[in-house]
Amino acid sequence: MKALQNIFHAAGFGKVAPWVDLANSQEWNGFGKLTDHLTNSRWLATFLKHWNLHPLPSKNVPRRKLVHLRFLLRRAAEKLAAGGSLDPREISKVNQVLNVPVWQKLVQDQNGIRAEMVPVRSDWNWVIARIAASLGEMLANHEVERIKVCANSDCRWVFRDPTKAKTKRWCNDRTCGNRARVRRARAAQKQRA
Ligand SMILES: [Zn+2]
């Protein structure tokens, strides 16, 4: 279990939304080394469990579909972080993924009755739709305004900026931020020499 925690939580996943995790699942370590977590079935299982996307369809993982969606989400993150927005083609692609049959079900518990959206088929299309829906929800409630991409070009981690002024530039001040400061100091030293 500890190993699972490490490849997911310790690596910084599970904090913002499923779509952010999928965008970050192609992870650059800040020094140019790339890890594709989608190829790791343990990472995938932890991801699904963390975001309540299980009981997970563990077999026949549609990697191509996930990679396509990741490409779309990564581009969306880069655009949104730069103050842009999705164009109609991208929105239509998100809508295609969201197009899965659901029915509304009434659930009764101690808090009363609530209506729940239940998938007609609990399959991968549903999981993929849920991931895309998490971007849709953030777009709809303007939470995407806090989405940033780490300024370290060897990192590009997608994160949520919690600061009031939205001034955070690096995914982590101690790693990426510190490296940028060291780089700047070195450049200044060169100039003085
Ligand atoms: Zn970073």
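Keep in mind that this is a model prediction, so the values were computed, not measured.

Before going further, it helps to spend a moment on the overall build of the protein. Counting secondary structure elements, the protein contains seven helices and six strands. Counting helices and strands in the order they occur from the N terminus, the protein gives α-α-β-β-α-α-α-β-β-α-β-β-α. For the protein, the spread of C-alpha atoms along the principal axes amounts to about 70 × 35 × 35 Å. Buried positions account for 36% of the 193 residues belonging to the protein. For the protein, the share of sequence-separated contacts (at least 6 apart) that also reach a separation of at least 24 residues comes to 53%. Carbon together with sulfur atoms contributes 53% to the accessible area of the protein, which is approximately 12,100 Å² in total.

Moving on, we come to the packing of aromatic side chains. This model, assessed by the stated rule, comprises five aromatic pairs. Judged by centre distance (5.9 Å) and plane angle (55°), the rings of Phe8 and Trp43 are tilted. Taken together, the positions of Phe8 in helix α1 (residues 2-8) and Trp43 in helix α3 (residues 41-50) put the pair 35 residues apart, joining distant regions of the chain. For Trp43, a relative accessible area of 0% gives the class buried.

The next subject is the confidence of the model for the protein. Should the pLDDT be low somewhere, the predicted coordinates at that spot are not to be read in detail. Residue-level pLDDT values for the protein average 91, and 95% of them are 70 or greater. Per-element confidence in the protein ranges from a low mean pLDDT of 67 for α1 to a high of 98 for helix α2 (residues 18-24).

Along any regular strand, the residues point their side chains to alternate faces of the sheet. As judged from the eight bridges shared by strand β3 (residues 102-109) and strand β4 (residues 112-119), these two strands associate in the antiparallel manner. Bridged to Val102 within β4 is Pro119.

Where a protein is soluble and globular, its nonpolar side chains tend to be buried together. With 41 residues, the main nonpolar core has Trp19, Trp43, Phe47, Leu69, Leu73, Ile131 and Leu135 as its most contacted residues. Looking at this core, the elements that each hand over two or more residues are α1, α2, α3, α4 (63-81), α6 (124-140), β5 (147-149), β6 (158-160) and α7 (173-192). When neighbours within four sequence positions are excluded, Ile131 is seen to be in contact with Pro18, Trp19, Leu22, Phe47, Leu53, Leu66, Leu69 and Leu73.

Reading the values: the criteria
Residues numbered from 1 in each chain as written. Predicted model: local features only at pLDDT ≥ 70, side-chain atom pairs only at ≥ 80, totals over all residues. Heavy atoms only, no water. Helix = DSSP H or I, 4+ residues; strand = E, 2+ residues; numbered from the N terminus. Buried < 20%, exposed > 50% of the residue type's maximum accessible area, 1.4 Å probe, protein only. Contact = heavy atoms within 4.5 Å. Areas by Shrake-Rupley, 256 points an atom, 1.4 Å probe, with all protein chains shown as cover. Phe/Tyr/Trp six-rings, centres within 6.5 Å; stacked < 30°, edge-to-face > 60°. pLDDT = per-residue confidence, 0-100. Pairing = 2+ DSSP bridges. Core = buried A, V, L, I, M, F, W, Y, C linked by side-chain atoms within 4.5 Å.

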